[in-house]
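The lines below spell out each chain.
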Amino acid sequence: MSRLILAAVAAAAFASPALAADGDKPFQGPFIGGQFGWQQDRQSLTTSTVPPATVRASSDGFAYGGQIGYDFQIGSAVLGLETSITGRTGQTRFAGFDVEQGRTINVTGRAGWVIAPNGLVYARGGYSNARYSISNPTGPSENRDGYLLGVGYEHKLGSNISARLEYNYADYGNDTLPGTGGPSTLNYHRHAVMTGINFRF
């Protein structure tokens, strides 16, 4: 009988922390925060000449912005929604004109898994809208619709603050530009490595 009692006590001792951990939801509820990091825009310009010629260019810049969202934690699984707005420095240079990058608005969902004790690995995806302007000489500006995909890691630093690091890829499709000898096709891609802080409440 004493062995059974000791076994029951030991089982309860091991079960209690597990139950406490299961009952704790570090990634549940609303949050607001800021982010910054590195962003690279890549464009390729393809002419309509015969044969067609393609010129590729890229530009690195400092990206910055903020985000607001809500996470739902079910056990170790986390589902969330987030809206963010970012800006960046830099421009992509082609022979004859430049492409300047403006503000970007993202509306994305994410799905992740909590790893002990306060870490979250996740994937992100959704809608992205980026503003581009033609300059040197001054040309048109436009807001381009596209999609964003990303992966990241977030870690809870305290009861209401967490830090994250993530990689994002965005595609904004093709644009047709007039030119001598016929129109040209300009393609828009973006890579970014961003870090951020979220305040949870």
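Residues numbered from 1 in each chain as written. Predicted model: local features only at pLDDT ≥ 70, side-chain atom pairs only at ≥ 80, totals over all residues. Heavy atoms only, no water.

Chemist: I'd love a proper account of the nonpolar core, names of residues and values included.
Modeler: Ranked by size, the top nonpolar core spans 13 residues in total, and within it Phe 94, Phe 97, Val 99 and Leu 186 carry the most contacts. Of all the elements in the fold, those that place two or more residues in this core are β5 (97-115), β6 (119-135), β8 (161-177) and β9 (184-200). In this view, Phe 97 contacts Leu 45, Ile 134, Ser 135, Asn 136 and Leu 177; residues no more than four positions away in its chain are not counted. Phe 27, Val 78, Leu 120 and Tyr 122 belong to the second-largest nonpolar core, a separate cluster that totals five residues. (Core = buried A, V, L, I, M, F, W, Y, C linked by side-chain atoms within 4.5 Å. Buried < 20%, exposed > 50% of the residue type's maximum accessible area, 1.4 Å probe, protein only. Helix = DSSP H or I, 4+ residues; strand = E, 2+ residues; numbered from the N terminus. Contact = heavy atoms within 4.5 Å.)

Chemist: Hey, could you go over unusual backbone geometry for me, with residue numbers and the actual values?
Modeler: Note that the residue after Ala 116, namely Pro 117, is joined by a cis bond; omega there is -10 degrees. Tracing the chain through its elements places Pro 117 in the loop between β5 and β6. Here the bond from Asn 136 into Pro 137 is cis, since omega is 5 degrees, no more than 30 degrees from zero. Among the secondary structure elements, Pro 137 is positioned in the loop between β6 and β7 (141-156). Even without being glycine, Asn 136 reaches a positive phi, approximately 55 degrees. You can see Asn 136 is positioned in the loop between β6 and β7.

Chemist: Can you lay out a nonpolar patch on the surface for me, pointing to particular residues and giving the numbers?
Modeler: On the surface, Ile 32, Ile 68, Leu 157, Ile 197, Phe 199 and Phe 201 cluster together to form a nonpolar patch covering roughly 610 Å² of accessible area. Tracing the backbone shows Ile 68 in strand β2 (residues 54-74). (Patch = residues over 30% accessible without salt bridge, like charges linked within 9 Å, V, L, I, M, F, W, Y side chains within 5 Å. Areas by Shrake-Rupley, 256 points an atom, 1.4 Å probe, with all protein chains shown as cover. Salt bridge = Lys/Arg side-chain N within 4 Å of Asp/Glu carboxyl O.)

Chemist: Outline the pattern of salt bridges, supporting the account with residue identities and numerical values.
Modeler: Applying the stated criterion across every chain, the model contains 13 salt bridges. Each of the salt bridges in this network shares a partner with another, and the network as a whole consists of Asp 71, Arg 110, Glu 154 and Arg 200.

Chemist: Can you tell me about the confidence of the model for the protein chain, naming the residues and giving the values?
Modeler: When pLDDT is averaged along the protein chain, the result is 86, and 87% of the positions lie at 70 or above. The spread of mean pLDDT over the elements of the protein chain runs between helix α1 (residues 2-23), the lowest at 37, and strand β3 (residues 77-88), the highest at 97. Taken together, the stretch residues 1-23 has pLDDT below 50 and engages in zero contacts with residues farther than four places along the chain or on a different chain. (pLDDT = per-residue confidence, 0-100.)

Chemist: For the side chain of Glu 154, give the residues involved together with the corresponding values.
Modeler: Its location among the elements puts Glu 154 in strand β7. Glu 154 has contacts with Phe 27, Arg 110, Asn 118, Gly 119, Leu 120, Tyr 122, Ser 162, Ala 163, Arg 164, Asn 198 and Arg 200, leaving out every residue within four places of it along the chain.

Chemist: An account of the side chain of Ser 84 is needed here, citing residue identities and associated values.
Modeler: Within the element layout of this structure, Ser 84 appears in strand β3. Here Ser 84 falls in the buried class, since its relative accessible area comes to 7%. Excluding its chain neighbours within four sequence positions, the residues that come into contact with Ser 84 are Gln 35, Gly 66, Gln 67, Thr 104, Ile 105 and Asn 106.

Chemist: Pulling in residues and values, what's your account of the pairing of strand β1 (residues 29-46)?
Modeler: In this sheet, β2 lies alongside β1 in antiparallel orientation, the contact comprising 18 bridges. From the neighbouring strand, Phe 36 faces β2, where its bridge partner is Tyr 64. (Pairing = 2+ DSSP bridges.)

Chemist: Let's hear about the environment of Ile 161: which residues, and what values?
Modeler: By the secondary structure assignment, Ile 161 is in strand β8. Residues Ile 161 and Asn 198, 37 residues apart in the sequence, show an inter-C-alpha distance of 5.7 Å.

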